[in-house]
Number of protein chains: 2
Amino acid sequence: MGKSFFAFAAALAVAAACSGQAPRADAGLVRQARDLFGALPEVMASTDNPVTPAKVMLGKTLFWESRISVDGTVSCSRCHPLGLYAADGLPKSVGNRCRANPRNAPTILNASAQIAAHWIGNRRNVEDQAKQALVGPPSFGMPSYEAAEARLRAIPGYEPLFREAFPGEPEPVTAENFALAVGAFERTLVTPAPFDAFLDGGRPGLDDVQKAGLKDFIETGCANCHSGAYFGGQSYRKFGVVEPYWKRTISPEIDEGRYAVTKDEADRYVFKVPVLRNVEMTSPYFHDGSVGRLNDAVWIMGKVQLGIDLAEARVKGLVAFLHALTGKIPAAALEVPVLPASEATGAGLNPRRGQT
Amino acid sequence: MGKSFFAFAAALAVAAACSGQAPRADAGLVRQARDLFGALPEVMASTDNPVTPAKVMLGKTLFWESRISVDGTVSCSRCHPLGLYAADGLPKSVGNRCRANPRNAPTILNASAQIAAHWIGNRRNVEDQAKQALVGPPSFGMPSYEAAEARLRAIPGYEPLFREAFPGEPEPVTAENFALAVGAFERTLVTPAPFDAFLDGGRPGLDDVQKAGLKDFIETGCANCHSGAYFGGQSYRKFGVVEPYWKRTISPEIDEGRYAVTKDEADRYVFKVPVLRNVEMTSPYFHDGSVGRLNDAVWIMGKVQLGIDLAEARVKGLVAFLHALTGKIPAAALEVPVLPASEATGAGLNPRRGQT
């Protein structure tokens, strides 16, 4: 929690006092929620990748670009369709040539400020994720970064866009800049929700059931891991603290989790705590997408993480609160960019043309 | 050419006269082009499927819906991505479970007023195409219309949208209404281009090379088939009038064309004349997507349809003119709709839950 948050909270308090508003009946809960979660930023900034309008515009265009995948069918938007809150509704995403991805595609909304990317933290950040996706066998599947760059350079309309986004670079059309541009776009994907209005006294805020759900979310222990402005993404935890997760899900197989990255026994079945913003909209749940209903996912979390058999009414309250995390996708992100034309995709002219 | 067109042309002439404009130096070419092609309508209307705002909104939403395909990966937008001018850049589209489609995906822009849908005319219109796509083995791949309807009904947010679009129907969530809604959306996808500005004296219009290209397009015979406001879509023609098309393309196999529909020998190698609007943006070309460069496609057409070996300068002029058919996609169509949430896609809860 930085200084700016306290300054912001203090400013709000002053504003409320000056406006002559009555003190809020839920002031204690608001204060507690502000401490635990804090204010959602406008952009998930990065000193390594400053967010500029030209970079965001290019990144948004590249986000839709399928011609840089090995079979021409995969773009970022394939596994992260914005109309489905940037998740794809599948247990596990399907990439080029129908290759299955190892885990469920998490939403990329509110996802750029996490400790790492991917469920097991094997990508440093969204830029690293975007870059490696180009050559990832189950994603874009390109044989090399050079091959991906050749595809980009074969679409003449991209050069001016890269040049504007990365001024002064002699050869701006690179996989590295692809990643920086897509990352800059992703860093703008923040979705303010009723919960945020609740924090600063705006509308619609939370109804009484949702407030009770929030209180339960904090007191039961959900907020211990699902903390910060994004409700997660800040730590790794074992999935199945009290009992193995697969005893409660119907996972098709057991996933060793972050152990695959570190080879440390302590990381077996450990995953990054997922961001809960917009969770209502991103079924199915968990790293393997094995659970379709949010109520079930909440009950399972109580059981395997906390050893609690949550009663139906409590599950309902928690889920009602989670609905208050469903936010508004920035309008600019929902505008489909028109991609530059290409003539490179067809097989070309019959050599027999020369035989006329 | 209906009465309304002549009324429109006469009104334009009167307007020009009253405004005291000097007569256009290209008045003869304009008049000829108006006669051959006519004005682009605002909407491709249908008496069978009146275009209403509620139907268009629902259709736009359904256009993006992938959860009604057998493997959850196919929506209309998969093969007709709007950012790529509603074609997918592939020689042949790839559908559910990586199944290859038999022919190249044509753009759905300016496509709703053709004599039929699909290259061989085996779909009556865009509504018929949308409906049959649901159960088409290489497209959505659903086992039946009932199964597709069950998927739609499992997403509770759709019922109110269908009810608004189809008022008074006891059960509006049907495959038939899916098709009518998607068709209504497609009927709004008209893209005014510089050529249309040229017809009514607006900007940017055509430059001198493009005017020469238009003249050549008419005089050489291209406009005999690529006629009407959409530059095609109004008739069937043999591909390869003068010599077999596959002598000039590098088609992977020979396609019997409309013969597959009619079993009439006269229809062998016959295809629907494709719409040329936005052709610059929809590489690769022909029913099998076998040619990537537009210049090559134009040269091949001269050779196999007209028996002319078009010189490079003429090809360039014709292509320059075709660029004047690249239009503006309606802004509303480029806004990604947020789809209703669903909890139906996950595998569900482990039955062992009951064993606590």
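Residues numbered from 1 in each chain as written. Chains lettered and ligands numbered in written order. Predicted model: local features only at pLDDT ≥ 70, side-chain atom pairs only at ≥ 80, totals over all residues. Heavy atoms only, no water.

A.B. asks: Got a minute to help me understand the overall build of chain A in this structure?
C.D. replies: The helix and strand tally for chain A stands at 14 helices and 2 strands. Seen along its three principal axes, the alpha-carbon backbone of chain A occupies a region of about 85 × 55 × 35 Å. By residue count, 56% of the 356 residues in chain A fall in the buried class. A separation of at least 24 residues holds for 69% of the contacts in chain A among residues at least 6 apart in sequence. Taken as a whole, chain A presents about 14,800 Å² of accessible surface, with 56% of it coming from carbon and sulfur. For chain A, the separation between the mean place of its 38 positive charges and that of its 37 negative charges on side chains is 2 Å. (Helix = DSSP H or I, 4+ residues; strand = E, 2+ residues; numbered from the N terminus. Buried < 20%, exposed > 50% of the residue type's maximum accessible area, 1.4 Å probe, protein only. Contact = heavy atoms within 4.5 Å. Areas by Shrake-Rupley, 256 points an atom, 1.4 Å probe, with all protein chains shown as cover. Lys, Arg positive; Asp, Glu negative; His and termini not counted. Charge placed at Lys NZ, Arg CZ, Asp CG, Glu CD.)

A.B. asks: Got a minute to help me understand the side chain of aspartate 88 of chain B in this structure?
C.D. replies: All names here are of chain B. By secondary structure assignment, the location of aspartate 88 is in the loop between helix H4 (76–79) and helix H5 (126–135). For the buried aspartate 88, which has no salt bridge, the nearest side chain bearing the opposite charge is arginine 78, at an N-O separation of 6.9 Å. A distance of 3.0 Å separates a polar side-chain atom of aspartate 88 from the backbone nitrogen of leucine 90. Among the polar contacts made by the side chain of aspartate 88, one reaches the side chain of serine 93 at a distance of 2.6 Å. (Salt bridge = Lys/Arg side-chain N within 4 Å of Asp/Glu carboxyl O. Polar contact = N/O pair within 3.5 Å; in protein donor to acceptor, adjacent residues only side chain to side chain.)

A.B. asks: When you look at the packing of aromatic side chains in this model, what are you seeing that I'm missing?
C.D. replies: Each aromatic ring pair is characterised by the separation of its centres together with the angle its planes make. Residue and element names in this part refer to chain A. Inspection of every chain in the model, using the stated rule, returns 37 aromatic pairs over all chains. Between phenylalanine 37 and phenylalanine 217, the aromatic rings sit 6.3 Å apart at their centres with planes inclined by 45 degrees, giving tilted as the arrangement. Taken together, the residues span a long stretch of sequence, with phenylalanine 37 in helix H2 (residues 27–37) and phenylalanine 217 in helix H10 (residues 208–220) at a distance of 180 residues. Overall, the relative accessible area of 2% leaves phenylalanine 37 in the buried class. Residue phenylalanine 217 is classed as buried on the basis of its relative accessible area of 3%. Cluster of aromatic residues (ring-pair linked, three or more members): Phe37, Phe195, Phe198, Phe217, Phe231 and Phe321. Of note, arginine 258 hangs over the ring of tyrosine 236, and the distance from its end group to the ring centre comes to 4.1 Å. (Phe/Tyr/Trp six-rings, centres within 6.5 Å; stacked < 30°, edge-to-face > 60°. Lys NZ or Arg CZ within 6 Å of the ring centre and 35° of its normal.)

A.B. asks: Honestly, the relation of the copies chain A and chain B in this entry has me stumped. Any pointers?
C.D. replies: For the pair of chain copies, the relating operation is a rotation around an axis with a shift along it. Mapping chain A onto chain B leaves a residual RMSD of 0.0 Å; the transformation is a rotation of 180 degrees accompanied by 0.0 Å of translation along its axis. Taken together, the rotation and translation relating the two chain copies correspond to the operation of a two-fold axis. Rotation axis and chain A: the residue whose C-alpha lies nearest the axis is glutamate 335 of chain A, separated from it by 2.3 Å. Most of the interface of chain A is mirrored in chain B, where 100% of its interface residues again form contacts. (Least-squares fit on C-alpha atoms with pLDDT ≥ 70 in both.)

A.B. asks: Help me understand the nonpolar core, please; the structure alone is not making it clear to me.
C.D. replies: General note: in soluble globular proteins, nonpolar side chains tend to be found buried as a group. Formed by 84 residues in total, the largest nonpolar core has its most connected members in Leu62 and Phe178 of chain A together with Leu62 and Phe178 of chain B. Residues in contact with phenylalanine 178 of chain B, not counting those within four places in the same chain, are Leu62, Ile68, Cys76, Ala130, Leu134, Leu152 and Phe162 of chain B. (Core = buried A, V, L, I, M, F, W, Y, C linked by side-chain atoms within 4.5 Å.)

A.B. asks: What exactly am I supposed to notice about helix H8 (residues 175–186) of chain B here?
C.D. replies: The periodicity of an α-helix, 3.6 residues per turn, causes residues three or four positions apart to be oriented the same way. Residue and element names in this part refer to chain B. Taking 1.5 Å of rise per residue, 12 residues should cover 16 Å, and H8 covers 16 Å from first to last C-alpha, within 8% of that figure. When you tally the buried positions in H8, you get 11 out of 12 residues, the bulk of the element. Within the span of H8, buried status applies to Ala175, Asn177, Phe178, Ala179, Leu180, Ala181, Val182, Gly183, Ala184, Phe185 and Glu186. Tucked inside the fold, the buried residues of H8 contact helix H3 (53–63), H4, H5, helix H6 (145–153) and helix H7 (158–165). (Expected span 1.5 Å × (residues − 1).)

A.B. asks: Would you mind showing me how to read the interface of chain A and chain B here?
C.D. replies: Where interface size is given, it is often the accessible area lost as the parts come together that is meant. Taken together, the 59 residues of chain A in the interface contact 59 residues of chain B. Between chain A and chain B, roughly 4,500 Å² of surface is buried when both sides are summed, and carbon and sulfur atoms account for 60% of that area. For the pair chain A and chain B, the number of links is 2 salt bridges. Salt-bridge contacts for arginine 293 of chain A lead to glutamate 343 of chain B; the nearest nitrogen and oxygen are separated by 4.0 Å. Between the two partners, chain A and chain B, sit 6 residue pairs in polar contact (both at pLDDT 80 or more). (Buried area = accessible area lost by both parts, 1.4 Å probe.)

A.B. asks: Would you explain the packing of helix H3 (residues 53–63) of chain A against helix H8 (residues 175–186) of chain A in this entry?
C.D. replies: Packed helices, taken two at a time, are described by their axes: the angle between them and the distance between them. All names here are of chain A. In contact at an axis separation of 7 Å, H3 and H8 are set at 100 degrees when each is read in the N-to-C sense. By the angle between their directions, the pair H3 and H8 is classed as roughly perpendicular. Here Lys55, Val56, Leu58, Gly59, Lys60, Leu62 and Phe63 of H3 come into contact with H8, specifically with Phe178, Leu180, Ala181, Val182, Ala184 and Phe185. Here the contact of H3 with H8 is built from residues that sort into 10 nonpolar, 1 polar and 2 charged. (Axes fitted to C-alpha atoms, helices over the stretch in contact; angles between N-to-C directions. Parallel < 35°, antiparallel > 145°, perpendicular 65-115°, else oblique. Nonpolar A, V, L, I, M, F, W, Y, C, P; charged D, E, K, R; others polar.)

A.B. asks: What should I look at first to understand the confidence of the model for chain A in this one?
C.D. replies: Low pLDDT means the predicted atomic positions in that stretch should not be read closely. On average, residues of chain A score 91 in pLDDT, and 90% of them are at 70 or above. Scored below 50 in pLDDT, residues 12–18 of chain A shows 4 contacts in the model against residues more than four places distant or in partner chains. (pLDDT = per-residue confidence, 0-100.)

A.B. asks: Sorry if this is basic, but what is going on with the state of the cysteines here?
C.D. replies: Scanning all chains against the criterion turns up 1 disulfide over all chains. Across the disulfide from cysteine 98 of chain A sits cysteine 98 of chain B; the S-S distance is 2.2 Å. Taking the sign of the S-S torsion, 120 degrees for the link of cysteine 98 of chain A and cysteine 98 of chain B, the bridge is right-handed. With one member in each of two chains, cysteine 98 of chain A in the loop between helix H4 (76–79) and helix H5 (126–135) and cysteine 98 of chain B in the loop between H4 and H5 form a pair that bridges those chains. When its relative accessible area of 30% is taken as the criterion, cysteine 98 of chain A is described as partly exposed. Of the cysteine sulfurs around cysteine 76 of chain A, a residue in no disulfide, the closest is that of cysteine 79 of chain A, at 9.1 Å. (Disulfide = S-S within 2.5 Å.)

A.B. asks: Looking at this structure, how should I read helix H2 (residues 27–37) of chain B?
C.D. replies: For H2 of chain B, the full list of buried residues reads Leu29, Val30, Ala33, Arg34 and Phe37 of chain B. The buried side chains of H2 of chain B occupy one side of the element, clustering within an arc of 135 degrees when seen end-on. (Arc of directions from axis to C-beta.)

A.B. asks: I would appreciate a short explanation of the side chain of threonine 282 of chain B in the present structure.
C.D. replies: Within the secondary structure, threonine 282 of chain B sits in the loop between strand S2 (270–272) and helix H13 (294–306). Not counting chain neighbours up to four residues away, the residues in contact with threonine 282 of chain B comprise Tyr85, Ala87 and Thr107 of chain B.

A.B. asks: Quick question: what am I supposed to make of the pattern of salt bridges here?
C.D. replies: When their charged atoms lie close together, side chains carrying opposite charge are able to pair. Applying the stated rule across the entire model yields 44 salt bridges over all chains. What you see here is one network of salt bridges that share partners, running through Arg24, Asp26 and Lys211 of chain A.

A.B. asks: What's the story with the packing of helix H13 (residues 294–306) of chain A against helix H14 (residues 312–323) of chain A in this structure? I'm lost.
C.D. replies: All names here are of chain A. For the pair H13 and H14, interaxial distance at closest approach is 9 Å and the crossing angle is 115 degrees. By crossing handedness, the relation of H13 to H14 is classed as right-handed. Residue-level inspection shows Leu294, Asn295, Val298 and Trp299 of H13 in contact with H14, the latter providing Val315, Lys316, Leu318, Val319, Leu322 and His323. Residues belonging to the contact of H13 with H14 are distributed by class as follows: 7 nonpolar, 2 polar and 1 charged. (Left-handed = near helix turned anticlockwise from the far one by under 90°.)

A.B. asks: What am I meant to see in unusual backbone geometry here?
C.D. replies: Most peptide bonds adopt trans geometry, and most residues besides glycine take a negative phi value. Here the residue pair serine 283 of chain A and proline 284 of chain A is connected by a cis peptide bond, since its omega of 0 degrees sits within 30 degrees of zero. The residue proline 284 of chain A is located in the loop between strand S2 (270–272) and H13 in this model. For the bond from arginine 203 of chain B to proline 204 of chain B, the omega torsion is 0 degrees, close enough to zero to count as cis. Summarising the element assignment, proline 204 of chain B is placed in the loop between helix H9 (194–199) and helix H10 (208–220). Of note, alanine 86 of chain A is a non-glycine position whose phi angle comes to about 60 degrees, a positive value. You can see alanine 86 of chain A is positioned in the loop between H4 and H5. By relative accessible area, alanine 86 of chain A is classed as buried at 0%. Although it is not a glycine, asparagine 278 of chain B sits at a positive phi angle of roughly 65 degrees.

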